[in-house]
Amino acid sequence: MVAKASTVNQAMTTLVKSPPTLSNILVLHTHPKSLKLLKSSSIHNVVIFPKFRINRIRTPFCCTKLPPWEPSPVTYVPTDDAAGSFLKKSSNIFETMDSSDGTEANSEEHSDTKNQPLTQFQFLKWPMWLLGPSLLLTTGMVPTLWLPLSSIFLGPNIASLLSLIGLDCIFNIGATLFLLMADSISRPKSLAQAGNSKPPFSYKLWNMAASVSGFVFPLMMLLGSQNGSLQPQLPFISFTVLLGPYLLLLSVQILTEMLTWHWQSPVWLMTPVVYEAYRVLQLMRGLKLGAELSAPAWMMHMIRGLVCWWILVLGIQLMRVAWFAGFTARAHQQLPSAPADS
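Residues numbered from 1 in each chain as written. Predicted model: local features only at pLDDT ≥ 70, side-chain atom pairs only at ≥ 80, totals over all residues. Heavy atoms only, no water.

A.B. asks: Outline unusual backbone geometry, supporting the account with residue identities and numerical values.
C.D. replies: Here the amide bond leading from Gln231 into Pro232 is cis, since omega sits at -5°, within 30 degrees of zero. Secondary-structure assignment places Pro232 in the loop between helix 5 (201-227) and helix 6 (236-263). For Gln264, which is not glycine, the phi torsion reads 55° and is therefore positive. With a phi close to 55°, Ser294 is a non-glycine residue in the positive phi region. (Helix = DSSP H or I, 4+ residues; strand = E, 2+ residues; numbered from the N terminus.)

See below:
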């Protein structure tokens, strides 16, 4: 009987510990040969346990209570997602992340690129220190000083006027190239140090007043000559040959200065110096042409007055260059002391 009870207990234990995936469990009685007690004549029946059918669980289930030994899952909640833009739903799984990080990275790379010195083009600026002044000398001074006047002046006619305007156009081309080279040299080596050079209002006012005065005064003299107020009267074609190129180049200078002020180019200080230096030679050429045309005395005195006026204006411009150099030196001396005071 003890052996029978032990066998029953083993069968029940096997039934309890069996996995839930078994479909049928059949336990038959056993005849252990080692136990002789089972051979007794009192045992005539076979012990058969009923079948247990455990169906497979086909529906999933969720367990909200975790065992005490399993850690709880960590939930990450962004603190800076006020607008709810974190992991927005998108048709493309690669576009779920916000592109602001990529934009910030691109801006940092762009700022690093701007801070790098532009050394790859610096070697092109070295010849400009000699090429620019040489070009200005070739286009401006050589035709005026070495070209014979008789080769371009054939009398008070349109051909002579166009020849004189052509010489001034050659100078204007050289002056424009010279100013462009000077602007390129004056730019800083690094884009991060680039700044705008804005002239003061008093400088603009003085330049415009000097240019307008030099433009209006000859026109008033021409009007007086045409009205008969100035005698002897000067023909219009002779006046145009003498002062037509002068008025045209003065208009070009005013336009160039206004462009340098608008673009805030560093060459705004030297633009009037370049044009006014050539204007003195241009008016001296007008004095020679006046002697060839037998111009009246009031016309010759007016040209001499214009020469003196522009020499005075040129001297004031050079004084402003000296003032600006001293102002820049004082500004550079105050830069290191500013952070210390703050």
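Now, onward.
A.B. asks: Give me the lowdown on a nonpolar patch on the surface, citing residues and values where you can.
C.D. replies: Together, Leu137, Val142, Leu145 and Trp146 make up a nonpolar patch on the protein surface, roughly 450 Å² of accessible area in all. Its location among the elements puts Trp146 in helix 3 (residues 128-146). (Patch = residues over 30% accessible without salt bridge, like charges linked within 9 Å, V, L, I, M, F, W, Y side chains within 5 Å. Areas by Shrake-Rupley, 256 points an atom, 1.4 Å probe, with all protein chains shown as cover. Salt bridge = Lys/Arg side-chain N within 4 Å of Asp/Glu carboxyl O.)

A.B. asks: An account of the UniProt feature "transmembrane region" (unreviewed entry) in the chain is requested, with residue identities and associated values reported.
C.D. replies: Within the UniProt annotation, "transmembrane region" (unreviewed entry) is assigned to residues 126-149, 161-185, 205-224, 236-255 and 302-325. Secondary structure content for residues 161-185 is 100% helix and 0% strand, and the end C-alpha separation is 36 Å. Regarding residues 302-325, the helix share stands at 100% and the strand share at 0%, and the terminal C-alpha atoms are separated by 35 Å. (UniProt positions renumbered as here; feature names shortened; annotations may be inferred.)

A.B. asks: Could you give an account of helix 3, with specific residues and numbers?
C.D. replies: The terminal C-alpha atoms of helix 3, which comprises 19 residues, lie 25 Å apart, in line with the 27 Å expected from a rise of 1.5 Å per residue. Along its length, helix 3 shows its largest kink, about 35°, at Thr138. All buried positions along helix 3 are accounted for by Gly132, Leu136, Thr139, Gly140 and Pro143. Its buried side turned inward, helix 3 meets helix 4 (158-186) and helix 7 (271-293). (Expected span 1.5 Å × (residues − 1). Bend = angle between axes of the 7 residues up to and from the residue. Buried < 20%, exposed > 50% of the residue type's maximum accessible area, 1.4 Å probe, protein only. Contact = heavy atoms within 4.5 Å.)

A.B. asks: Please provide a residue-by-residue account of the environment of Ile165, values included.
C.D. replies: Within the element layout of this structure, Ile165 appears in helix 4. Taking C-alpha positions, Ile165 is 8.3 Å from Leu248, a pair spaced 83 residues apart along the chain. Leaving out residues up to four positions away in the same chain, Ile165 has contacts with Pro245 and Leu248.

A.B. asks: Requested: an account of the packing of helix 4 against helix 6, with residues and values cited.
C.D. replies: For the pair helix 4 and helix 6, interaxial distance at closest approach is 10 Å and the crossing angle is 20°. In terms of orientation, helix 4 and helix 6 fall into the roughly parallel class. Judged by the sense of rotation from one axis to the other, the crossing of helix 4 with helix 6 is right-handed. Along its contact with helix 4, which presents Ile158, Leu161, Leu164, Ile165, Asp168, Phe171, Asn172 and Leu179, the element helix 6 presents Ile237, Thr240, Val241, Pro245, Leu248, Leu249, Val252 and Thr256. (Axes fitted to C-alpha atoms, helices over the stretch in contact; angles between N-to-C directions. Parallel < 35°, antiparallel > 145°, perpendicular 65-115°, else oblique. Left-handed = near helix turned anticlockwise from the far one by under 90°.)

A.B. asks: I'd like a description of the nonpolar core, backed by residues and values.
C.D. replies: Ranked by internal contacts, the top residues of the largest apolar core, which has 31 residues, are Phe239, Leu242, Leu243, Tyr246, Leu283 and Met299. Of all the elements in the fold, those that place two or more residues in this core are helix 4, helix 5, helix 6, helix 7 and helix 8 (297-341). Contacts of Phe239, omitting those with residues within four sequence positions, involve Pro218, Leu222, Leu234, Gly244, Met299 and Met302. If you look at the next biggest cluster of nonpolar residues, it comprises eleven residues, including Phe171, Ala182, Tyr275 and Tyr278. (Core = buried A, V, L, I, M, F, W, Y, C linked by side-chain atoms within 4.5 Å.)

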